[in-house]
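# Overview (structure and organization)
These are the residues of each chain, in order.
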Amino acid sequence: MSPLKIKRRGKINFITQKLAGALDRYKLSIRDSVYILQATLEALEFDNGDYIINSTSIHRAREMHRCERAKMIKSRFQESRPSYVIVHWDGKLLPNVHVKNTTVERLPIIVTTKNIEQIIGVSILQRSTGEEQVTAVYNALDEWGLLDVVQGLCCDTTSSNTGRLNGACIRIEQKLDKDLLYLPCRHHIYELVLRSVFETKIPQVTTSPSIPLFKNFQKKWIDIDSSNFISGLEDQYCSNAIENIREDILNFVRTQLETKNSRDDYNEFLELVLIFIGENFEKKIKIHPPGAMHQARWMARAIYCLKIFIFRHQYHISATEKKAIREVCIFIATFYVKAWFTCTLPIKAPNLDLQFIKSLKSYEIVDSQISTAAIKKICNHL
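Read on for a plain summary of the structure. None of the values given here were measured: they were computed from a predicted structure.

The rules behind the values
- Residues numbered from 1 in each chain as written.
- Predicted model: local features only at pLDDT ≥ 70, side-chain atom pairs only at ≥ 80, totals over all residues.
- Heavy atoms only, no water.
- Helix = DSSP H or I, 4+ residues; strand = E, 2+ residues; numbered from the N terminus.
- Rg over C-alpha atoms; globule rule 2.2 N^0.38 Å.
- Contact = heavy atoms within 4.5 Å.
- Salt bridge = Lys/Arg side-chain N within 4 Å of Asp/Glu carboxyl O.
- Buried < 20%, exposed > 50% of the residue type's maximum accessible area, 1.4 Å probe, protein only.
- Patch = residues over 30% accessible without salt bridge, like charges linked within 9 Å, V, L, I, M, F, W, Y side chains within 5 Å.
- Areas by Shrake-Rupley, 256 points an atom, 1.4 Å probe, with all protein chains shown as cover.
- Polar contact = N/O pair within 3.5 Å; in protein donor to acceptor, adjacent residues only side chain to side chain.
- Core = buried A, V, L, I, M, F, W, Y, C linked by side-chain atoms within 4.5 Å.
- Expected span 1.5 Å × (residues − 1).
- Arc of directions from axis to C-beta.
- Phe/Tyr/Trp six-rings, centres within 6.5 Å; stacked < 30°, edge-to-face > 60°.
- Lys NZ or Arg CZ within 6 Å of the ring centre and 35° of its normal.

### Digging into the overall build of the chain
Within the chain one finds 15 helices and 6 strands. Scaling as 2.2 N^0.38, a compact globule of 382 residues should have a C-alpha radius of gyration of about 21 Å, whereas the chain reaches 27 Å, well beyond that. Excluding contacts between residues fewer than 6 apart, the proportion of contacts in the chain whose partners are at least 24 apart in sequence is 68%.

### Considering the pattern of salt bridges
Tallying each qualifying case throughout the model produces 18 salt bridges. The shortest N-O distance in the salt bridge between Arg301 and Glu191 comes to 3.2 Å. Linking Arg301 in helix α12 (residues 300–310) with Glu191 in helix α7 (residues 186–201), this pair joins segments that are 110 residues apart in sequence. Across the pair, Glu191 and Arg301 agree in class, each one buried. Salt-bridge contacts for Asp367 lead to Lys201; the nearest nitrogen and oxygen are separated by 3.0 Å. Here Asp367, found in the loop between α14 (349–362) and α15 (368–379), pairs with Lys201, found in helix α7; they are 166 residues apart in sequence, far enough to count as distant. Like Lys201, Asp367 is buried. Several salt bridges share partner residues, and in doing so they unite Lys201, Lys323, Glu327 and Asp367 into one network.

### Let's talk about a nonpolar patch on the surface
A cluster of nonpolar side chains, namely Tyr237, Ile365 and Val366, defines an oily patch on the protein surface of about 330 Å² accessible area. Tracing the chain through its elements places Tyr237 in helix α9 (residues 236–242). Exposure remark for Tyr237: the relative accessible area of 35% places this residue in the partly exposed category.

### A closer look at α12
In an α-helix, one turn spans 3.6 residues; hence positions three or four apart end up facing the same way. Most of α12 sits out of view: 11 of its 11 residues are buried. By the burial criterion, the buried members of α12 are Ala300, Arg301, Ala302, Ile303, Tyr304, Cys305, Leu306, Lys307, Ile308, Phe309 and Ile310. On the buried face of α12, the contacting elements are α7, α8 (212–220), α9, α11 (264–276) and α13 (319–342).

### Looking at the side chain of Arg246
Mapped onto the fold, Arg246 is located in helix α10 (residues 246–258). Arg246 sits in the buried class, given a relative accessible area of 19%. One polar contact links the side chain of Arg246 to the main-chain carbonyl oxygen of Ile277, over a distance of 2.6 Å. Residues contacting Arg246, with those up to four places away along its chain left out, are Leu233, Ile277, Gly278 and Glu279.

### Here we look at the nonpolar core
Phe269, Phe331 and Ile332 are the most contacted members of the largest nonpolar core, which has 65 residues in total. By size, the runner-up hydrophobic cluster in this structure holds 25 residues, among which are Leu125, Val137, Trp144 and Ala168.

### Focus on helix α2 (residues 30–43)
Here α2 is 14 residues long and its end C-alpha atoms lie 20 Å apart, about the 20 Å a rise of 1.5 Å per residue gives. Along α2, the residues that are buried comprise Ser33, Val34, Leu37 and Leu41. The buried residues of α2 occupy an angular sector of 100° when projected down its axis, which confines them to one face. Those residues of α2 that are exposed and aimed more than 90 degrees away from the buried face are Arg31, Tyr35, Glu42 and Ala43. Of the surrounding elements, those touching the buried residues of α2 are α1 (17–25) and α3 (55–79). With its phi angle positive at about 65°, Glu45 sits one or two positions after the end of α2.

### Describing the packing of aromatic side chains
Each aromatic ring pair is characterised by the separation of its centres together with the angle its planes make. Counting across every chain of the model gives 19 aromatic pairs. Centre to centre, the rings of Phe229 and Phe311 are 6.5 Å apart; their planes meet at 85°, and the pair counts as edge-to-face. Linking Phe229 in the loop between α8 and α9 with Phe311 in the loop between α12 and α13, this pair joins segments that are 82 residues apart in sequence. We classify Phe229 as partly exposed; its relative accessible area is 24%. Aromatic side chains Phe331 and Phe335 sit 6.0 Å apart centroid to centroid with 40° between the ring planes, which places their arrangement in the tilted category. Placement of both Phe331 and Phe335 in helix α13 is noted, with a separation of 4 residues, approximately one turn of the helix. The residues Phe331 and Phe335 share a single accessibility class, namely buried. Grouping aromatic residues by their ring pairs yields a cluster made of Phe198, Phe214, Phe217, Trp221, Phe229, Tyr304, Phe311 and Tyr315. Over the ring of Trp221 we find Lys307, and its NZ or CZ is 6.0 Å from the ring centre. In this arrangement the basic side chain of Arg312 is found over the ring face of Phe309, its NZ or CZ atom lying 4.1 Å from the centre.

Quick look at the structure:
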């Protein structure tokens, strides 16, 4: 009888910090990690029996390297402790890592200072109330030793954040016992302005996160020739509305396209505006298929409205919807594109808001519905 083969226990730990980081970066499960590492060792003609390669050990090594990396980042940040920080937070529903197919409310907390952006916590919230957000933000700042250098707060403008009595901002000021600079998310504010204009022109009552008009357009996209679009200038009403300011819009949009934008949908938005106002492109432009459209998606309404209008000869909608989309597109091109891309400059914000309101007020003689809805919404956030 042949002797039984004795399984050896590996002793070489080869999971380095960089390797653990690579496994985490590509979101490989523990089982997938074991399979890939074993196959790699075999391909390199190493004996798997010499190495510590099992699910428990790999899981433990990845957790250990994460902790070491986090401690190193925190230590490095505290060595050059900034003289001031701005605190940012925004709750998100994310998958629960402990219970499958469930979500949990998490609160990412970030501090920024000159040329530095550092995440200091991603707390779990039982309820998305102002009090719980305050506790999470305060505890994260205390843990990182930043309570005395906080100078400003950046968040969206929901009542749980900006409520005058129990909002997170006022409660943080009370806890820190000092006045802080409020820097509410400017993009969040201007997204609400566009939403108010859109819903004024196209009131669609639905409990779904999707917008029916956009959903139908997305379904019909397969039948649309994306290279065959027409500009807004071929519509006489649009042509008259943007004739006097067309060159100003062109120059602004071209300048923005030359600037490196952090998001692809910003570039797509700018290119669609150029198509709408009749820009002659030197190279062929590619129109992307319709993407995400849920209520919290910035740019969704602007991008979808512009796409529907430039393909109006291929995608058939009612005369009422076509008129509404056209009026929203004119608002986007004449007012919104410039307001959106300049609204994040804090020093210029008061003057830009004032100029935006004055422009909207003068637009009252052209479209009183849009003017009233946009002014009401922006004035709620002054």
